[in-house]
Amino acid sequence: MTGAAVAGLLAGYGIAIPVGAVGAHLVAVAARAPWRTGAGAALGIAAADGAYALVAVAGGAALVPLLAPVVTPLRWASAVVLLVLAAASARTALRAHRAHRAGTPAADRPVTAPHRAFWTFLGITILNPMTVLYFTALVLGGHATTGPAEAAVFVAAAFAASASWQLLLASTGTLLGHALTGPRARLLTGLASSALVAGLAVGLVVRSGT
């Protein structure tokens, strides 16, 4: 049982810690919204990781040949969604800056409901089939036991690890947003985060062609 928990924690941190486009977008969203919105987004990412861990222990080996043909299309879909989000984020930053200059600072910080952030980031993360392939490789490699109790512990530990890391990213974004309170700083950080997400999304497309 302890071995399954340790394996799940290591697997969860292994998939969560490398900050990609979704992680970068999480930090950007958290910087412009209350902490609870960032927390909702973070838990959406962790829920997707936990769901894929569950799929892996429940029969990931059978899914590998089914997922292989759609990895590239899903990667393209993920890139398109991220590019749209990057554009929307840049537009929001520009509109907020213009509103502040026009003397209407109330529009400076649009608030997304935590539940909406949860479902949005769950959907974005689910588009990455490499996550289930990652967990499947670990399960088939013997890094988690095959009994139902051990499998449940593995999935719960993977979710907990991912959630703790994503919540840390969300908290970092919130602190960044509080530190950069000036309108110009918020504009620059908003545009920079959008550019980063767009660049990472383009990187997904480039990798799909190789």
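Description of a nonpolar patch on the surface
Next up, step 1: A surface patch of nonpolar side chains, amounting to about 230 Å² of accessible area, comprises L9, Y13 and I17.
Next up, step 2: Along the chain, L9 turns up in helix α1 (residues 2-16).

Thoughts on α1
Next up, step 1: Across its 15 residues, α1 extends 21 Å between first and last C-alpha, which sits within 8% of the 21 Å expected from 1.5 Å per residue.
Next up, step 2: Those residues of α1 lying buried are A4, A7, G8, A11, G12 and A16. Summarising the axial view, the buried residues of α1 lie within an arc of 150 degrees, below the 170-degree limit, and thus occupy one face. Structural note: α1 exposes T2, G3 and L10 on the side pointing more than 90 degrees away from its buried face.

Observations regarding the nonpolar core
Next up, step 1: Judged by nonpolar contacts, the single largest core of 14 residues is most densely connected at V22, L26, A41, I45, F121 and A170.
Next up, step 2: Residue assignment for this core shows that the elements contributing at least two residues are α2 (21-31), α3 (35-67), α5 (114-126) and α7 (148-179).
Next up, step 3: Top contributing element to this core by residue count: α2, with 5 residues.
Next up, step 4: Excluding residues within four positions of it along the chain, A170 makes contact with L26, A30, W35, G38, A39 and A42.

Concerning α5
Next up, step 1: In a regular helix each residue adds 1.5 Å, so 13 residues correspond to 18 Å; α5 covers 18 Å between its end C-alpha atoms and thus fits that length.
Next up, step 2: Buried within α5 are the following residues: A117, F121, L122, I124 and T125. Along the axis of α5, the buried residues cluster in a sector spanning 165 degrees; they form a single face. Exposed and oriented more than 90 degrees from the buried face of α5 are H115, R116 and W119.

A short note on the confidence of the model for the chain
Next up, step 1: Overall, the prediction assigns the chain a mean pLDDT of 76, with 69% of residues at 70 or greater.
Next up, step 2: By mean pLDDT, helix α6 (residues 130-140) is the weakest element of the chain at 67, and α5 is the strongest at 91.
Next up, step 3: Here residues 105-110 is a poorly scored stretch, pLDDT under 50, and it has 13 contacts once near neighbours within four places are set aside; other chains count.

Things to note about the environment of G173
Next up, step 1: Looking at the secondary structure, you find G173 in helix α7.
Next up, step 2: Considered as a pair, G173 and W35 are 138 residues apart in the sequence and their alpha carbons are 8.6 Å apart.
Next up, step 3: In this structure, G173 is in contact with V27, A30 and A31, ignoring residues within four places of it in sequence.

So, how was this worked out
- Residues numbered from 1 in each chain as written.
- Predicted model: local features only at pLDDT ≥ 70, side-chain atom pairs only at ≥ 80, totals over all residues.
- Heavy atoms only, no water.
- Patch = residues over 30% accessible without salt bridge, like charges linked within 9 Å, V, L, I, M, F, W, Y side chains within 5 Å.
- Areas by Shrake-Rupley, 256 points an atom, 1.4 Å probe, with all protein chains shown as cover.
- Salt bridge = Lys/Arg side-chain N within 4 Å of Asp/Glu carboxyl O.
- Helix = DSSP H or I, 4+ residues; strand = E, 2+ residues; numbered from the N terminus.
- Expected span 1.5 Å × (residues − 1).
- Buried < 20%, exposed > 50% of the residue type's maximum accessible area, 1.4 Å probe, protein only.
- Arc of directions from axis to C-beta.
- Core = buried A, V, L, I, M, F, W, Y, C linked by side-chain atoms within 4.5 Å.
- Contact = heavy atoms within 4.5 Å.
- pLDDT = per-residue confidence, 0-100.

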